Amino acid sequence: MTDLNDQHADNPDQGFIALVADLAAVSGPDGLTLREIRDRLDERAFGLMILILAIPCLVPALYGVPQIVGIPILLLAGQMLVGRVEPWLPEGILKRRVTKAWLERMADFATKRMGWLERLSRPRLKIFAEGWAERAAAFFMILATLTIVLPMTNTVPSVALSLLSVGLIQRDGLFVAAGAAVATAWATALIVVGIGFFVGAGWAVSLMARFGG
């Protein structure tokens with residue numbers, strides 16, 4: 001495996017697709033541990049680690065994976081919210097190994113399906129992608145993740161997470177704002193549907209009680 005210290009991903013101009021491809025390229029036959037992935041990403045570790053976790057959840061009506069990856073996403077976003085500089089994860093999670101095959105599939109998916117995101121994103125409106133805005137983005141990531149774990153509702157919040165992550169990685173405030181808007185709209189829609197369901201159910205029960213004597 002290529003020496004991680006010699007091949008450190010410290011180029012701030014490197015796009016997120018190149019970062020994902022780089023992880024696959026330097027991984028050995030056994031892949032990389034999450035610790036090794038974290039250490040390679042430096043200041044963009046939060047955004048890219050959350051993006052890597054969110055990408056599999058873009059598959060519609062997925063069950064199981066969102067519920068698993070939701071926990072580390074919440075841990076990472078929570079640390080961003082409180083202003084932590086370097087991601088912290090429990091030792092047991094940091095030792096978990098991501099296989100080379102999975103890293104290669106991630107790189108292939110990012111190259112073929114997410115190239116348009118990288119082409120459209122660029123450093124702009126940095127006031128919405130740096131400093132206090134990173135903490136605001138973390139709040140919307142948490143909001144999206146709380147809905148991603150609901151059964152069969154994973155795609156839209158995953159889009160929000162992807163937009164927010166790409167925005168932070170590329171320092172693109174427009175993407176951060178778009179991701180926040182998607183997360184807010186989706187959470188609001190779920191709340192409205194939930195309220196409507198309970199109100200409707202209560203109305204149906206009272207109606208049945210009235211006609212049922």
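Chains are numbered independently. Their residues run from 1 in the order of the written sequence. The predicted nature of this model means local features are confined to residues of pLDDT at least 70 and side-chain atom pairs, given and counted, to a pLDDT of 80 or more, with totals for whole chains, interfaces and linings taken over all residues. Only hydrogens and water are removed before side-chain values are computed, so all heavy atoms of the structure are retained for them.

1. Description of the overall build of the protein chain
Helix and strand definitions here come from DSSP, where helices need a minimum of 4 consecutive H or I residues and strands a minimum of 2 consecutive E residues; each element is numbered from the N-terminal end. Counting secondary structure elements, the protein chain contains ten helices and two strands. Each residue is placed in one exposure class: buried if its accessible area under a 1.4 Å probe, protein chains only, is under 20% of its type's maximum, exposed if it is over 50%, and partly exposed if it falls in between. Burial status across the protein chain gives 44% buried among its 213 residues. We call two residues in contact when some of their heavy atoms are within 4.5 Å. Across the protein chain, contacts joining residues at least 24 apart in sequence account for 78% of those joining residues at least 6 apart. Here the Shrake-Rupley method, with its probe set to 1.4 Å, supplies the accessible areas, and only the displayed protein chains count as covering residues. Carbon and sulfur atoms provide 67% of the accessible area of the protein chain, an area that totals close to 11100 Å².

2. Examining helix α6 (residues 100-113)
Multiply 1.5 Å by the residue count of a helix minus one, and that product is the helix's expected span. Counted at 1.5 Å a residue, the expected span for α6 with its 14 residues is 20 Å, and the 20 Å between its end C-alpha atoms agrees. Buried within α6 are the following residues: L103, M106, A107 and A110. Projected down its long axis, α6 carries its buried residues within an arc of 95 degrees, all on one side. Residues of α6 that are exposed and angled more than 90 degrees away from the buried face: R105, K112 and R113. Tucked inside the fold, the buried residues of α6 contact α1 (16-26), β1 (32-33), α2 (34-41), α3 (45-54), β2 (97-98) and α7 (115-120). To be clear, the arc concerns the directions from the helix axis to the C-beta atoms.

3. Examining the packing of aromatic side chains
Aromatic rings in a pair are described by how distant their centres are and how their planes are angled relative to each other. Under the pairing criterion, centres of Phe, Tyr and Trp rings, with the six-membered ring standing for Trp, must be within 6.5 Å; the plane angle then separates stacked pairs below 30 degrees from edge-to-face pairs above 60, leaving the rest tilted. In this structure the tally under the stated criterion is one aromatic pair. A centroid spacing of 5.3 Å and a plane angle of 75 degrees characterise the contact between F139 and F140, whose relative ring orientation is edge-to-face. The exposure class assigned to F139 is partly exposed, which follows from its relative accessible area of 45%.

4. Details of a nonpolar patch on the surface
For patch building, the residue pool is restricted to those with more than 30% relative accessible area and no salt bridge; the joining distance is 9 Å between like charges and 5 Å between nonpolar side chains (Val, Leu, Ile, Met, Phe, Trp, Tyr). We define a salt bridge as a contact between a side-chain nitrogen of Lys or Arg and a carboxyl oxygen of Asp or Glu at a distance within 4 Å. Nonpolar side chains collect at one region of the surface, where L125, I127, F128, W132 and L174 lie side by side and expose about 530 Å² of accessible area between them. Tracing the chain through its elements places F128 in the loop between α7 and α8 (132-148).

5. Digging into the nonpolar core
Within the largest apolar cluster, 54 residues are counted, with the highest numbers of intra-cluster contacts made by F16, I37, L48, L51, M141 and L161. Looking at this core, the elements with two or more residues in it are α1, α2, α3, α4 (65-81), α6, α8, α9 (155-170) and α10 (173-211). No other element matches α3, which puts nine residues into this core. Sequence-distant contacts of F16, that is, excluding residues within four places in its chain, are made with L48, L51, M114, L117, E118, V166, I169 and Q170. We call a set of buried residues a nonpolar core when its members are Ala, Val, Leu, Ile, Met, Phe, Trp, Tyr or Cys and they connect through side-chain atoms within 4.5 Å of each other.

Function-wise, these values are silent; they only describe arrangement.
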